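Examining the three-dimensional arrangement
Chain by chain, the residues run as shown.
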Amino acid sequence: MKRLPPLTSLQAFEAVSRHMSIKLAAEELLLTPTAISHRLKTLETQLDTQLFHRLTRSLKLTTEGAILRPFVSDAFRNLNLGIAQLSTDEVEGELVLTTTRSFAWSWLSPRLPKFSQLYPQLEVKVIASDTVLDFARFSVDVSIRYTDSPDPTEHAAWVLDDYVTPICSRRLEKKIRTAEDLLASDLVEYEWLGFRDGDPNWRAWFASVGIDGSGIRPIASFSDEIMCIEAAMDNRAAALVSIIAASREIERGRIAAPIPRVLKDRSYYLVCPMERAQSAKVRVFQDWLLKEADLFRDSPYGMKFIPQGQH
């Protein structure tokens, strides 16, 4: 049996495999990228196993790295949870978090009862808002933000990458066999308040499947993603929405994703002030949230719609 590698090397591997970025792992662990690279090399040397393919601009887990990752991730989560349990008096009271309306409605709220069962003395208060709320002004402990660039002055932990795909009612699904069939359908589009020209839209989605969508004119555009999903459920139109936002109703069988072609959108990060990141209630919530995110990615739904190893 091989001797266990240094804890610091395993910690570096866990952070890099979660972020798929040496730079982000270094920022999280308050180390330099060189130090992270050295710890990874030490781990690979002791195990006599390559854990990452080092590509020009990205990292990819080797087969061995993918095998090791869940064991190391679970070990650190359990360690953090165990340490937090030593201070049970701190895992009490109220945890105030804010996130987008669609994430709160579709993904977070169905899972929160499991967290409450683990920590019954900690009440979670969710403020659903598509506006970024100031931590101090609104007495917010943590935020789950939709962004590609978390504020470097704040603690940030990657939760999930998001992708968009067309959805429609089960009735309309019978008429949609190819991407061309969507051209003959009524379409609605989601454009939130922070929408940018480079964000995914119907024209970009059709271009990704080799169809000229320059002449497309959606019948409506909504600033609320839930309204787009409801339009699909009501058989009014096909909508291009987040696979995370649509997951609840797709798994319920109320809507369908007829052409499982996805476009990358922004990502969800758990964010909080640096000084709150080590509080017991924030630590246990972050550990639980990241574990739920892993379960979602590894679920049949996640395996179908989320490209693996992309972050």
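Structure's up top.
Residues numbered from 1 in each chain as written. Predicted model: local features only at pLDDT ≥ 70, side-chain atom pairs only at ≥ 80, totals over all residues. Heavy atoms only, no water.

A few points about the overall build of the protein
Put simply, the rule reads: In this description a helix means any DSSP run of H or I spanning at least four residues, a strand means any run of E spanning at least two, and both kinds are numbered starting from the N terminus. Only C-alpha atoms enter the radius of gyration; for comparison, a globular chain is expected to reach 2.2 Å times N to the power 0.38, where N is the number of residues. Think of it in three bands: residues with accessible area under 20% of the maximum for their type are buried, residues over 50% are exposed, and the middle band is partly exposed, with areas taken using a 1.4 Å probe on protein chains only. The contact definition used throughout considers only heavy atoms, calling two residues in contact when any of these lie within 4.5 Å. Note on areas: Shrake-Rupley with a 1.4 Å probe; residue coverage comes only from the protein chains shown. In this tally, Asp and Glu contribute negative charge and Lys and Arg positive charge; neither His nor the terminal groups of the chain are included. For this purpose, a charge sits on NZ of Lys, CZ of Arg, CG of Asp or CD of Glu.
When helices and strands are tallied, the protein shows 13 helices and eleven strands. Expected size for 311 residues packed as a compact globule is a radius of gyration near 19 Å; at 21 Å, the protein falls within 12% of this value. Dimensions of the protein, computed from the C-alpha atoms along their principal axes, are close to 60 × 45 × 30 Å. A total of 311 residues make up the protein; the buried ones form 50% of that total. Summarising the internal contacts of the protein: among those between residues at least 6 apart in sequence, 77% fall at separations of at least 24. Accessible surface, the protein: about 15700 Å² in total, of which carbon and sulfur atoms supply 52%. Looking at the protein, you have 38 positive and 41 negative side-chain charges, and the mean spots of the two groups are 4 Å apart.

Points about unusual backbone geometry
Peptide bonds are mostly trans, and most non-glycine residues show a negative phi. A positive phi angle, close to 60 degrees, is found at L30, a residue other than glycine. Here the phi dihedral of N235 falls at roughly 65 degrees; this positive angle occurs in a residue that is not glycine. Looking at the element boundaries, N235 is found in the loop between α10 (225-233) and β9 (238-242). The exposure class assigned to N235 is partly exposed, which follows from its relative accessible area of 30%.

Digging into the pattern of salt bridges
Pairing is possible between side chains of opposite charge, provided their charged atoms come close. Condition: Just to be clear on terms, a salt bridge is a Lys or Arg side-chain nitrogen sitting within 4 Å of an Asp or Glu carboxyl oxygen.
Tallying each qualifying case throughout the model produces 16 salt bridges. A salt bridge links E173 to R170; the shortest N-O distance between them is 3.1 Å. In this pair, E173 and R170 both sit in helix α7 (residues 170-173), three residues apart, roughly one turn of the helix. Here R254 and E249 are joined by a salt bridge, their closest N and O atoms 3.3 Å apart.

Brief notes about the nonpolar core
Keep this limit in mind: Only buried residues count toward a nonpolar core. Its members are Ala, Val, Leu, Ile, Met, Phe, Trp, Tyr and Cys residues joined through side-chain atoms within 4.5 Å.
One finds L108, I167, F285 and L289 to be the most contacted residues of the largest nonpolar core, which totals 52 residues. Per element, the largest residue contribution to this core is nine residues, and it comes from helix α12 (residues 280-298). Filtering out sequence-adjacent residues up to four positions away, L108 remains in contact with L97, T99, F103, V126, I144, W288 and L289. Core analysis: the second largest hydrophobic core is formed by 20 residues, V16, A25, L47 and V72 among them.

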